[in-house]
Amino acid sequence: MKTPIVCVAALASQVLASPVAYQDLVQDKNPLLWYRFDEAVGATETINYGTLGTDFNGVFFGPVFQGDASLQGDTAACFEHPSQPYIESASDVPASLTGNPTFTAEAIVRIFPTAQNPFYAPFLHWGAPRTVQSVYFSILRNDESRPYVGFYNGGGGPVERYTLGQWVHIVWTRDAGDGANDDLTGSRLFVNGEEVDLLRDTSLPGAGVPDVQSSPFYIQRATDAVRYFSGNMDEVVLYDRLLTEAEISAHYDALVNGARCPADLDGDGALTVFDFLAFQTAFDAGERIADFNPTTCTPNLDIFDFLAFQNAFDAGCP
């Protein structure tokens with residue numbers, strides 16, 4: 001099959017999922033929980049590389065697809081919300097993450113631009129399904145293009161939207177203020193290395209001072225089991241302290257500068273005609289690496305993937 005490559009405007013810059021430079025920075029900070037999603041296809045759990053140890057490995061429930069190419073050598077997990085897959089830690093959270101905790105949560109995600117019902121679908125969640133008693137690091141209510149940070153019935157999100165179908169780096173720092181801060185006070189949100197303003201989610205009544213209860217950690221599910229989205233998750237990390245602005249910026253810079261060009265499909269560090277040939281070969285074979293416009297966890301290749309590949313090629317290397 002031969003399809004013409006058409007020149008169109010370049011896409012906005014994006015995170016390309018995590019290279020080694022990023023993982024080294026995370027490792028140095030001794031996170032409690034760290035799911036890298038680098039397991040082989042067919043794995044039944046994701047390893048916790050954090051200090052809480054393998055007792056907090058995340059067990060897969062439903063079809064969690066592993067080994068999804070991130071276009072520069074790393075891999076990611078893939079979820080499709082109709083089948084309601086999720087991940088649950090093998091142990092309950094430690095006492096330090098209950099009550100009114102201080103922490104930083106970090107994720108690298110790519111939300112598919114497809115019909116969904118992401119009712120606060122979590123990147124990471126724990127606690128009881130009652131007001132103030134659970135933590136939500138998630139998608140905002142029914143808006144796949146904005147995150148939500150807060151608790152059951154109280155929190156906030158940004159005005160700004162990220163671009164669906166592109167990788168995005170999201171960090172939430174949450175300062176308990178010695179136990180005095182409410183569901184939004186003390187929270188800061190960073191998207192692709194930049195702090196964004198948080199506005200209270202007025203569709204919720206407000207939760208007051210958190211009193212988070214113990215539960216397993218959840219990804220792609222809340223304790224009430226009704227909250228899912230479709231897309232990729234690469235790294236999910238939880239720290240027991242506040243990351244600084246400089247640390248968050250360094251993480252994002254490592255993601256951008258450490259990743260190879262998405263259009264460098266032959267991996268030689270340069271964009272040439274051989275990358276076009278590699279793309280055509282992968283496209284004809286129906287391989288995931290040619291799916292530059294993903295909407296599901298299985299390749300769905302069409303003219304839009306050619307256009308997205310051309311955009312990535314024209315954008316050049318970071």
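### So, the overall build of the protein chain
Per the secondary structure count, the protein chain includes four helices and 17 strands. For 318 residues, the compact-globule estimate of 2.2 N^0.38 gives 20 Å, and the protein chain sits close to it at 19 Å. Each principal axis of the C-alpha atoms in the protein chain carries an extent, and together these give about 60 × 35 × 35 Å. Considering the protein chain as a whole, with its 318 residues, one finds that 53% of them fall into the buried category. In the protein chain, of all internal contacts separated by at least 6 residues, the share reaching a separation of at least 24 is 67%. Split by element, the accessible area of the protein chain, about 12300 Å² in all, is 52% carbon and sulfur. In the protein chain, 16 side chains carry a positive charge and 41 a negative one; their mean positions are 6 Å apart.

### Here's the deal with helix α3 (residues 273–284)
The terminal C-alpha atoms of α3, which comprises twelve residues, lie 17 Å apart, in line with the 16 Å expected from a rise of 1.5 Å per residue. Looking only at α3, the buried set comprises Asp275, Phe279, Gln280, Ala282 and Phe283. For α3, the angular spread of the buried residues around the axis is 165°, confining them to a single face. When the buried face of α3 is taken as reference, the exposed residues oriented beyond 90 degrees from it are Val273, Phe274 and Thr281. The elements touched by buried residues of α3 are α4 (303–315). At the exit of α3 stands Gly286, carrying a positive phi of roughly 70°.

### Quick word on the state of the cysteines
Applying the stated criterion across every chain yields a total of one disulfide. The disulfide partner of Cys78 is Cys297, and the gap between their sulfur atoms is 2.2 Å. Between Cys78 and Cys297, the S-S dihedral sits near -95°, and the bridge is therefore left-handed. Here Cys78, found in strand β5 (residues 75–79), pairs with Cys297, found in the loop between α3 and α4; they are 219 residues apart in sequence, far enough to count as distant. The same class applies to Cys78 and to Cys297, which are both buried.

### Topic: the confidence of the model for the protein chain
Residue-level pLDDT values for the protein chain average 89, and 92% of them are 70 or greater. When the criterion is pLDDT under 50, residues 1–13 qualifies, and its contacts beyond four places in sequence or with other chains add up to 25 contacts.

### Here's the deal with the pattern of salt bridges
Considering all chains together, one arrives at ten salt bridges under this definition. Note that Arg161 and Asp143 form a salt bridge whose closest N and O atoms lie 3.0 Å from each other. One end of the pair, Arg161, is in the loop between β11 (154–157) and β12 (168–174); the other, Asp143, is in strand β10 (residues 143–151), and 18 residues separate them in sequence. The shortest N-O distance in the salt bridge between Asp224 and Arg227 comes to 2.8 Å.

### Comments concerning the packing of aromatic side chains
Going through the model one piece at a time under the given rule, you end up with 23 aromatic pairs. Above the ring of Trp34, the side-chain terminus of Arg36 is found at 5.4 Å from the ring centroid. Directly above the ring of Tyr49 sits Arg36, whose terminal nitrogen or CZ lies 4.2 Å from the centroid.

### Quick notes on unusual backbone geometry
Even without glycine at this site, Val132 takes up a positive phi of about 70°. Among the structural elements, Val132 can be located in the loop between β8 (122–127) and β9 (134–140). Despite not being glycine, Gln220 shows a phi value in the positive range, around 70°. The exposure class assigned to Gln220 is buried, which follows from its relative accessible area of 0%.

### Observations concerning the side chain of His125
Tracing the chain through its elements places His125 in strand β8. Under the relative-accessibility criterion, His125 is labelled buried at 1%. Among the polar contacts made by the side chain of His125, one reaches the side chain of Thr223 at a distance of 2.8 Å. The residues touching His125, leaving out its near neighbours within four places in the chain, are Ser134, Val135, Tyr136, Pro216, Phe217, Tyr218, Arg221, Ala222 and Thr223.

Each value, and the rule that gives it
Residues numbered from 1 in each chain as written. Predicted model: local features only at pLDDT ≥ 70, side-chain atom pairs only at ≥ 80, totals over all residues. Heavy atoms only, no water. Helix = DSSP H or I, 4+ residues; strand = E, 2+ residues; numbered from the N terminus. Rg over C-alpha atoms; globule rule 2.2 N^0.38 Å. Buried < 20%, exposed > 50% of the residue type's maximum accessible area, 1.4 Å probe, protein only. Contact = heavy atoms within 4.5 Å. Areas by Shrake-Rupley, 256 points an atom, 1.4 Å probe, with all protein chains shown as cover. Lys, Arg positive; Asp, Glu negative; His and termini not counted. Charge placed at Lys NZ, Arg CZ, Asp CG, Glu CD. Expected span 1.5 Å × (residues − 1). Arc of directions from axis to C-beta. Disulfide = S-S within 2.5 Å. pLDDT = per-residue confidence, 0-100. Salt bridge = Lys/Arg side-chain N within 4 Å of Asp/Glu carboxyl O. Phe/Tyr/Trp six-rings, centres within 6.5 Å; stacked < 30°, edge-to-face > 60°. Lys NZ or Arg CZ within 6 Å of the ring centre and 35° of its normal. Polar contact = N/O pair within 3.5 Å; in protein donor to acceptor, adjacent residues only side chain to side chain.

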